[in-house]
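# Secondary and tertiary structure notes
One-letter residues, chain by chain:
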Amino acid sequence: MDLLKDLLAALSVVLNGLPQGLLALSFGFASVPTAFAFVVGAVGCLALGVVAPVSFQAETITLAGTMGKDMRERTSMIVVAAVGMTLIGLFGLLERIVGFIGPAITNGMMAGVGIMLANVALGMAKKNKTIGFFSIAVSFVVYMITKDLVYTVTLSVVGSSFLALALKQKTDIKVTEREKLVFQKPIINAGVIQGALALICLNIGANIAFGEITGSMANINVNIDHLSVVSSLADLASALFGGGPVESIISATGSAPNPLRSAVLMMSIMAIILFAGLLPKIGNYVPSE
């Protein structure tokens with residue numbers, strides 16, 4: 001039963017990440033090289049015992065995709081930012097920051113993230129009322145009955161996807177897929193440095209807030225420096241071959257009976273989907289709402 005719940009949590013996070021994966025493809029990032037990032041993430045999290053997984057994160061994808069003038073600039077930003085975040089993690093700076101600011105500020109950050117996500121959810125629901133409010137309603141009812149986040153996320157995402165399929169709704173994201181595995185030599189210019197610094201600032205906040213939230217769901221302390229090293233090495237493995245960024249996320253796998261196993265399962269399943277080139281096909285049937 002525990003393994004089944006671990007798998008359900010992993011699948012719900014996979015489904016939840018597919019629209020963000022399509023967003024990455026729409027900016028020209030290749031899906032197969034991005035699979036390397038999920039392999040590195042799975043191995044790194046398992047080796048270091050990090051229960052907070054990495055996956056597609058819309059904020060980072062959008063930032064890199066819009067600040068970079070072309071694919072080479074975009075991948076270069078990710079590479080430079082990943083090197084910087086790896087050094088920050090290796091020197092243990094993030095854990096020192098968390099220790100310095102204390103639980104009052106970190107709890108405030110997590111609460112702020114919750115408020116912002118609630119606002120985003122309502123905005124998306126208004127944009128696609130049928131799917132959005134159906135998803136919210138299912139989540140509310142299931143959580144009130146079960147008090148279990150795994151079942152809540154799974155039934156909400158799966159139910160909303162089936163409804164979208166019945167209504168013949170598909171994603172409006174246009175995918176430009178690049179599947180050639182070619183080494184992308186990084187370049188350095190003012191735009192790349194500016195974009196990399198923006199990514200570093202974004203990821204410092206995200207790693208602290210998202211890592212702490214997933215850790216609190218699992219009742220396990222997440223070493224933010226370890227998480228930063230894992231996500232940065234994953235980014236390097238992906239971006240050097242034209243793949244997209246993967247970062248820390250708020251993950252329902254934290255509520256699974258075995259959060260680490262569930263997180264590794266999630267990243268492994270996502271890697272398989274990307275290696276098989278199934279992201280555009282499956283993602284079309286999972287509405288972002």
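Described in the following lines is the structure provided in the data block. Remember, it's a predicted structure, so these values are computed and weren't measured experimentally.

On to the pattern of salt bridges. Inspection of the entire model under this criterion finds 2 salt bridges. Here D148 makes a salt bridge to K5, at a shortest N to O gap of 2.3 Å. One end of the pair, D148, is in the loop between α6 (129–146) and α7 (149–166); the other, K5, is in helix α1 (residues 2–26), and 143 residues separate them in sequence. Exposure class is identical for D148 and K5. Each is buried. For the salt bridge of R261 with D6, the shortest nitrogen-to-oxygen distance reads 2.6 Å. Within this pair, whereas R261 is found in helix α10 (residues 259–275), its partner D6 is found in helix α1, the two being separated by 255 residues in sequence.

On to the environment of F27, then. Checked against the element boundaries, F27 lands in the loop between α1 and α2 (31–48). Here F27 falls in the buried class, since its relative accessible area comes to 18%. Between the C-alpha atoms of F27 and G244, which are 217 residues apart in sequence, the distance is 8.9 Å.

What follows deals with a nonpolar patch on the surface. A contiguous nonpolar surface patch, about 490 Å² in accessible area, is contributed by V83, L87, L90, F91 and L93. No other element matches the 3 residues that helix α4 (residues 71–90) contributes to the nonpolar patch. Along the polypeptide, F91 turns up in the loop between α4 and α5 (93–127). Here F91 falls in the exposed class, since its relative accessible area comes to 57%.

Next up on the list: empty space enclosed by the protein. This structure, assessed with the given rule, holds 2 cavities of 30 Å³ or more. Approximately 40 Å³ is the volume found for the largest cavity. Forming the walls of the largest cavity are T60, I78, A81, A82, M85, L199, N203, S232, D235, P245 and E247. Of all elements in the fold, only α4, α8 (190–218) and α9 (224–239) reach the threshold of two or more residues within the lining of the largest cavity. Class assignment of the residues belonging to the lining of the largest cavity gives a composition of 6 nonpolar, 3 polar and 2 charged.

With that settled, consider the packing of α1 against α7. It is at 9 Å that the axes of α1 and α7 come closest, and there the two elements cross at 45°. Considering their axes alone, α1 and α7 lie oblique with respect to each other. Every pair of crossing elements has a handedness; the one defined by α1 and α7 is left-handed. Residues K5, L8, A9, S12, L15 and N16 of α1 form the contact with α7, whose participating residues are V150, Y151, V153, T154, V157 and V158. When grouped by side-chain class, the residues that make up the contact of α1 with α7 number 8 nonpolar, 3 polar and 1 charged.

Position of E95 among the secondary structure elements: in helix α5. Its relative accessible area of 27% is what places E95 among the partly exposed residues. Considered as a pair, E95 and A190 are 95 residues apart in the sequence and their alpha carbons are 30 Å apart. E95 has contacts with V222, N223, I224 and D225, leaving out every residue within four places of it along the chain.

Attention now goes to unusual backbone geometry. One non-glycine residue, K147, lies in positive phi territory at about 55°. With respect to the helices and strands, the residue K147 is situated in the loop between α6 and α7. On the accessibility criterion, K147 (51% relative accessible area) is exposed. Even without being glycine, N219 reaches a positive phi, approximately 55°. When you line up the elements, N219 lands in the loop between α8 and α9. A relative accessible area of 72% places N219 in the exposed class.

Packing of α2 against α10 leaves a shortest axis separation of 8 Å and a crossing angle of 160°. Classified by the interaxial angle, the pair formed by α2 and α10 is roughly antiparallel. In this structure, the crossing between α2 and α10 has a hand that is left-handed. Where α2 approaches α10, its residues S31, V32, T34, A35, F36, F38, V39, G41, A42, C45 and L46 are matched on the opposing element by L260, V264, M267, S268, M270, A271, L274 and F275. Looking at the contact of α2 with α10, its residues break down into 15 nonpolar, 4 polar and no charged.

Cut-offs and rules
Residues numbered from 1 in each chain as written. Predicted model: local features only at pLDDT ≥ 70, side-chain atom pairs only at ≥ 80, totals over all residues. Heavy atoms only, no water. Salt bridge = Lys/Arg side-chain N within 4 Å of Asp/Glu carboxyl O. Helix = DSSP H or I, 4+ residues; strand = E, 2+ residues; numbered from the N terminus. Buried < 20%, exposed > 50% of the residue type's maximum accessible area, 1.4 Å probe, protein only. Patch = residues over 30% accessible without salt bridge, like charges linked within 9 Å, V, L, I, M, F, W, Y side chains within 5 Å. Areas by Shrake-Rupley, 256 points an atom, 1.4 Å probe, with all protein chains shown as cover. 1 Å grid on protein atoms, 1.4 Å probe; cavity = no way out; pocket = protein on both sides within 12 Å on 5 of 7 lines; lining within 4 Å. Points joined across faces, edges and corners; volume = space filled by probe spheres on them. Nonpolar A, V, L, I, M, F, W, Y, C, P; charged D, E, K, R; others polar. Axes fitted to C-alpha atoms, helices over the stretch in contact; angles between N-to-C directions. Parallel < 35°, antiparallel > 145°, perpendicular 65-115°, else oblique. Left-handed = near helix turned anticlockwise from the far one by under 90°. Contact = heavy atoms within 4.5 Å.

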